[in-house]
Amino acid sequence: MTKPARRSRIATQLMLWFLAMALVPFGIATFLTYRTSRDLMMRQITTSLHAIATRQAALIETYMHDEERDATVLAGSEAAAGALPVFASAWKTGSKDETAFSAADKLYHPVFERFRDALDLEDVYLVGADGRVVFSTNRGADLGGNLKQPPFASTALGRTAVDALMTLGIVQSDFDFYDTDKKPATFIAAPVLAGGVLRGVIVLQLDADEINRVVSNTSGLGETGEMVVASLRGSDALILTPTRHDPNAAFHRRIRMGGPVGAAVQASVLGKRGAGIETDYRGERVLATWQYLPALRWGIVVKIDAKEAFAPVAALARLATIIASITAILAALAAWLAARSFSSPIEKLTGAVHDIASGDLHRTVTVRSRNELGRLAADFNQMTAELREMIETMDEKVRSRTAELATARDQAEEANRTKSAFLANMSHELRTPMNAIIGYSEMLLEECEDLGRENFIPDLQKIRNAGKHLLALINDILDLSKIEAGKMTIFVEEFSISEMLGEVVATIQPLVEKKSNRLEVKAAPDLGRMRADLTKVRQTLFNLLSNASKFTENGLITITAERVADRISIRVSDTGIGMTPDQLAKLFQAFTQADESTTRKFGGTGLGLVISRRFCRLMGGDVTVESEFGAGSTFIIDLPAIVPEQVREAPTPAPTPPPTHTEGAILVIDDDPDASELLRRTLEKGGYRVLVASSGMEGLVLATKYRPSAITLDVMLPGMDGWSVLSALKSDPDTADIPVVMVTLLQDRQMGFALGASDFLSKPVDPDHLRRILARHVPPDSVDALVVEDDDASREMLCRMLEKAGLRVHEAANGELALAKLADVRPGIVLLDLMMPVMDGFEFLAVMRQDESKADIPVVIITAKDLTEEEHRLLNGSAEAVIQKNSMDQQALLQKICSAIARSQPPS
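Residues numbered from 1 in each chain as written. Predicted model: local features only at pLDDT ≥ 70, side-chain atom pairs only at ≥ 80, totals over all residues. Heavy atoms only, no water.

Turning our attention to the overall build of the protein. Secondary structure assignment for the protein yields 24 helices and 28 strands. Counting only residues that meet the buried cut, the protein has 45% of its 908 residues in that class. In the protein, once contacts between residues fewer than 6 apart in sequence are set aside, the share between residues at least 24 apart is 65%. (Helix = DSSP H or I, 4+ residues; strand = E, 2+ residues; numbered from the N terminus. Buried < 20%, exposed > 50% of the residue type's maximum accessible area, 1.4 Å probe, protein only. Contact = heavy atoms within 4.5 Å.)

This is how it looks when you write it as structure tokens:
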């Protein structure tokens, strides 16, 4: 019983509703409160940080202005004006005059040393008008150096002093490491003028201690706040002072401009002001304000970690979570109490339903309630009574109806079997005389052309054309019958759409020009490739273009092809007679044309469009039409770019055990059991030992383990396709040298591939095709051919063709007579019909292949019969290839496989 589950489901629904009603308003209110509090707190903290940044910036600017004022005062002092000429004279010759310098130093050094100590300076320099450092309180390495010349000209001291000499104004350098002292410093230079004459400049060297003291003051910045001072140096922002989190940051830490971190620092050194949340140089999220000091060309950032700034808001969120949890528990409890008040009646109804479903039609429900549940229980009991009465009378009706349906089914199945047998027999009985008519007409045409009897040629052409028309009609009827019976299959292969259109246009061009029409092709450049049944797509286009050519005269026929997403659209338009709405309504009905007058004027059976639409629907598409009477028609083919493979049950061969000795072994990788079985038999007949793998991964394992002499590899495999397997084989040193033959043999009845014959001819036999086959298969030194055919007319026609090709022909009316002929003569080739009395072609092949002396004779199967799956399997391994009419010739592919393997490694 499912009563507990039923109660659980109701309680769950109620709890969800109660929770939604309780938590949604609470959640919205909490969210709004959180956002409001967060925004308010952000504004307050930003205001505080901005005030701190402004105050600290003012302190730095005040300090630097005071130092500039001190430099101005010193430059205007009598000491500076008097000392510069005296010290300059001591360096007049370019080198120091020790006597003169010592006298001047004794007089002025104490004075400037007092200035240095009183103003907390690092050093005081006197630079002459020629740029030479003539005095330094610290007597460093730059004493005596000419600041206008290398290496001193490129130093901060040199640049500052020379600029002051040139501008006669106060000049200050950026804070930077001074190469001589190897410590951060800035220089302030002021010109010394006496009596309107430039005597030189006085330069004050300041260290960064005072700036660092201002920056290190973190009052009001909490546990994580700090101030960062930076300047733009090339493509980086250089931090000038130690920071709270990195005491060694000064002149060592750089922030790349345009990088993902330190956006506030980057903005500040570019002269911008602002505030917000960003990622600092540590990768931490911080709340920051930033501004620019134009006098010093510095950017200042004051910031605090976002976690600390928004800690009160986070505490509020945690409190809201606790309240929400308590609310959810109370709401769930309320829902459970409410569910208990009415879940019991529902459980009773549920139990009754299950009992009735189990066959207990006498089950009733007792619910003591005056609400909707009570009324529902009463209606349920009434429904059960009526159902019980109806079922009691229904059993007899069902038994009677079942017997009638079984009889009808048996009759339908018998009718379908009769229809299939009739169509199979009709296929052979009708095709055989038609083939003879077409064949003899073509032979007579050749003879008339050779004899110059031109007056007979038109009549013979009419006979041949009429025969081919009737044969096409028979094939269309059989195709339609297969489609209706669900026996028509599709053969999916990959092909170029543009190439397919080109082939169709080349074939249909003579028919288009027959009524003075023009054919235009408008193909989009991105058509690419598609996977579909090439034969059926081509046949559909032929049918549509044939109709357009038939119903258009002196007009234009247009093919427009385009790819839309994963579908292919091909439009065939004409400027012909068009159709009325009534004619369009019955356009796709079998054996029906637009109207009787159209049939009388233009001919046709009305099957072409029906078969074309059925073909497209088999591939997951459709054919539709647009038409205007008197203005032409447009047929639209819509197909998926990738047609899915049909699922067919195929016999699964027993797995081939790996050979004990793998020297000379061939690995066959193919997921199609019929195809792999064919290759195995073909290769074993050539003396090879064969390994079989049904997937790419299995093939890689066997290739690595057994190192075969060659590999045949199917392109289309499940999971890992052939190209991926090939790439893996060639990237592995152990398997890279193994020859690989790519194979694309796909099983399909219509393709009839690889059933063992040397070649295949469809009736009626084309003489040119027959001559090409003879040239391929008949040895140069052989002049004998054996024709095995029960139909006298067809046999005579084939004999005449072969004799005309220069062969000595032997004939037999069935397989038994043919075997007797083989005992007397060894022909260079055998032309074999499959359907014969006494001994048919299948039995003849089986007997002939057992005779080692005759097993290698090429056999060309000539038949108008559609082979069944059983007949395919019967031929498999006995003949060397059979390719059904209207399908591709696979013999060349099998020969290429065997030749490639033979070239790579001879059989052992």
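Summed over all chains, the structure comprises 24 salt bridges. Measuring nitrogen to oxygen at the nearest pair gives 3.9 Å for the salt bridge that ties Asp 70 to Arg 69. For Asp 70, a relative accessible area of 15% puts it in the buried group. By relative accessible area, which is 48% here, Arg 69 ends up partly exposed. Among the charged side chains, a salt-bridge network with shared partners connects Glu 226, Asp 280, Arg 282, Lys 303 and Asp 305. (Salt bridge = Lys/Arg side-chain N within 4 Å of Asp/Glu carboxyl O.)

The predicted model of the protein averages 76 in pLDDT, with 75% of residues at 70 or higher. Ranking the helices and strands of the protein by mean pLDDT puts strand E1 (residues 123-128) first, with 93, and helix H24 (residues 891-904) last, with 45. Contacts from residues 872-894, a stretch scored under 50 in pLDDT, to residues over four places away or in other chains number 94 contacts. Note that residues 903-908 has pLDDT below 50 and, in this model, 14 contacts with residues that lie over four places away or in other chains. (pLDDT = per-residue confidence, 0-100.)

Right, let's talk about a nonpolar patch on the surface for a bit. On the surface, Val 24, Ile 28, Phe 31 and Leu 32 cluster together into a nonpolar patch covering about 380 Å² of accessible area. With respect to the secondary-structure elements, Leu 32 resides in helix H1 (residues 3-75). Under the relative-accessibility criterion, Leu 32 is labelled partly exposed at 49%. (Patch = residues over 30% accessible without salt bridge, like charges linked within 9 Å, V, L, I, M, F, W, Y side chains within 5 Å. Areas by Shrake-Rupley, 256 points an atom, 1.4 Å probe, with all protein chains shown as cover.)

Attention now moves to the sheet that holds strand E8 (residues 236-239). Across the sheet, which stays open at both edges, the 6 strands sit in the order E9-E8-E7-E12-E11-E10 with antiparallel pairing between neighbours. At either end of the open sheet lies a strand with only one pairing partner, and these are strand E9 (254-256) and strand E10 (274-279). Averaged over all neighbouring strand pairs, the angle between strand axes comes to 35°, with direction disregarded. In this structure, strand E7 (residues 226-233) lies alongside strand E12 (residues 298-305), joined through 5 bridges in antiparallel fashion. The residue of E12 that forms the bridge with Glu 226 is Lys 303. (Pairing = 2+ DSSP bridges. Axes fitted to C-alpha atoms, helices over the stretch in contact; angles between N-to-C directions.)

Bringing helix H20 (residues 792-804) into the picture now. Under the 1.5 Å per step criterion, the end-to-end length of H20 is 18 Å for 13 residues, consistent within 8% with the ideal 18 Å. Taken residue by residue, H20 has Ser 794, Arg 795, Met 797, Leu 798, Cys 799, Met 801 and Leu 802 as its buried positions. A positive backbone phi angle near 95° is found at Gly 806, which sits one or two residues after H20. (Expected span 1.5 Å × (residues − 1).)

With that settled, the discussion passes to unusual backbone geometry. Excluding glycine, most residues fall at negative phi; most peptide bonds, likewise, are trans. For the bond from Pro 150 to Pro 151, the omega torsion is 0°, close enough to zero to count as cis. Among the structural elements, Pro 151 can be located in the loop between strand E2 (133-136) and helix H4 (156-167). At Arg 139, a residue that is not glycine, the phi angle is positive and equals roughly 55°. Counting through the fold element by element, Arg 139 comes out in the loop between E2 and H4. Residue classification places Arg 139 among the partly exposed positions, given a relative accessible area of 45%. The phi dihedral of Ala 565 falls on the positive side, at around 60°, and the residue is not glycine. One can find Ala 565 in the loop between strand E16 (556-564) and strand E17 (567-574).

Moving on to the pairing of E16. Relative to E16, strand E14 (residues 518-523) is paired through 6 bridges, and the arrangement is parallel. Counterpart to Ala 523 in the pairing with E16 is Ala 561. Relative to E17, E16 is paired through 8 bridges, and the arrangement is antiparallel. Bridged to Arg 563 within E17 is Ile 568. Hairpin remark: E16 followed by E17, antiparallel, with 2 residues in the connecting loop; positive phi at Ala 565, about 60°.

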